[in-house]
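# Structural overview
Chain residues, written in single-letter form:
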Amino acid sequence: MSTEINKLLPIGSVIALKDAEKRLMIFGIKQIDTTTNIEYDYVGVIYPEGNIGQDMQFLFNHEDIEAVFFLGYEDVERQVFINELSKLQNETSELLNS
């Protein structure tokens, strides 16, 4: 299930997944798993270590988050990006439904 674009957490947010031992820091949104072609809401790396290799990057969805410890940076540039991403998602949905 995909989360509404405007409800996505900003990059830099530190979260805990349900039943996880380590926290993650979000470093990307709306990511596609290249092996399965499945889209996920986020990609994160373990916190505080950060990116220590591709095998330590985790794809997950918004509903998998149990807690938010830190909300990443938000500004006008991010809002423009989210608005454009939302518009693109709406256009894609309209094309698929027509």
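Whatever comes next refers back to the structure up there.
The sections below set out a description of the structure shown in this document. Sequence order as written defines residue numbering, which begins from 1 separately in each chain. In keeping with the model being predicted, local features are shown solely for residues with a pLDDT of at least 70 and side-chain atom pairs are shown and tallied solely at 80 or more, while totals for entire chains, interfaces and linings include all residues. Only hydrogens and water are set aside; all other atoms, that is, all heavy atoms of the structure, feed into the side-chain values.

Next up on the list: the pattern of salt bridges. Should a side-chain nitrogen of Lys or Arg be within 4 Å of a carboxyl oxygen of Asp or Glu, the pair is scored as a salt bridge. In this structure the tally under the stated criterion is 5 salt bridges. Across the salt bridge formed by Lys22 and Glu49, the nearest N and O atoms sit 3.0 Å from each other. Of this pair, Lys22 sits in the loop between strand S1 (14–17) and strand S2 (23–32) while Glu49 sits in the loop between strand S3 (39–47) and strand S4 (57–60), placing them 27 residues apart in sequence. Each residue is assigned to one of three classes by its accessible area relative to the maximum for its type, calculated with a 1.4 Å probe on protein chains only: buried under 20%, partly exposed between the two thresholds, exposed over 50%. Here Lys22 falls in the partly exposed class, since its relative accessible area comes to 37%. A salt bridge links Glu84 to Lys87; the nearest nitrogen and oxygen atoms lie 3.3 Å apart. With Glu84 and Lys87 both in helix H1 (residues 76–97), this residue pair falls 3 residues apart, about one helical turn. The structure contains a network of salt bridges with shared partners spanning Lys30, Glu39 and Asp41. Going along the chain from the N terminus, every DSSP run of H or I of four or more residues is numbered as a helix, and every run of E of two or more is numbered as a strand.

Below, the discussion takes up the nonpolar core. Ranked by size, the top nonpolar core spans 14 residues in total, and within it Ile15, Ile26, Ile29, Tyr42, Phe60 and Ile65 carry the most contacts. Those elements that provide at least two residues to this core are S1, S2, S3 and H1. Ranked by the residues each element gives to this core, the list is headed by S2, at 3 residues. Two residues form a contact once any of their heavy atoms are found within 4.5 Å. With residues up to four places along the chain from it excluded, the contact list for Phe60 reads Ile15, Leu17, Leu24, Ile26, Tyr40, Asp41, Tyr42, Val43, Gly44 and Ile65. Among the buried residues, those of types Ala, Val, Leu, Ile, Met, Phe, Trp, Tyr and Cys that are joined through side-chain atoms within 4.5 Å form a nonpolar core.

Whether two aromatic rings pair depends on their centres lying within 6.5 Å, for rings of Phe, Tyr and Trp, where Trp uses its six-membered ring; planes under 30 degrees apart make the pair stacked, over 60 edge-to-face, and the rest tilted. Applying the stated criterion across every chain, the model contains 1 aromatic pair. Across the ring face of Phe69, the terminal group of Arg23 is positioned such that the distance to the ring centre comes to 5.0 Å. The criterion for a charge sitting over a ring is simple: Lys NZ or Arg CZ within 6 Å of the ring centre, and within 35 degrees of the ring normal.

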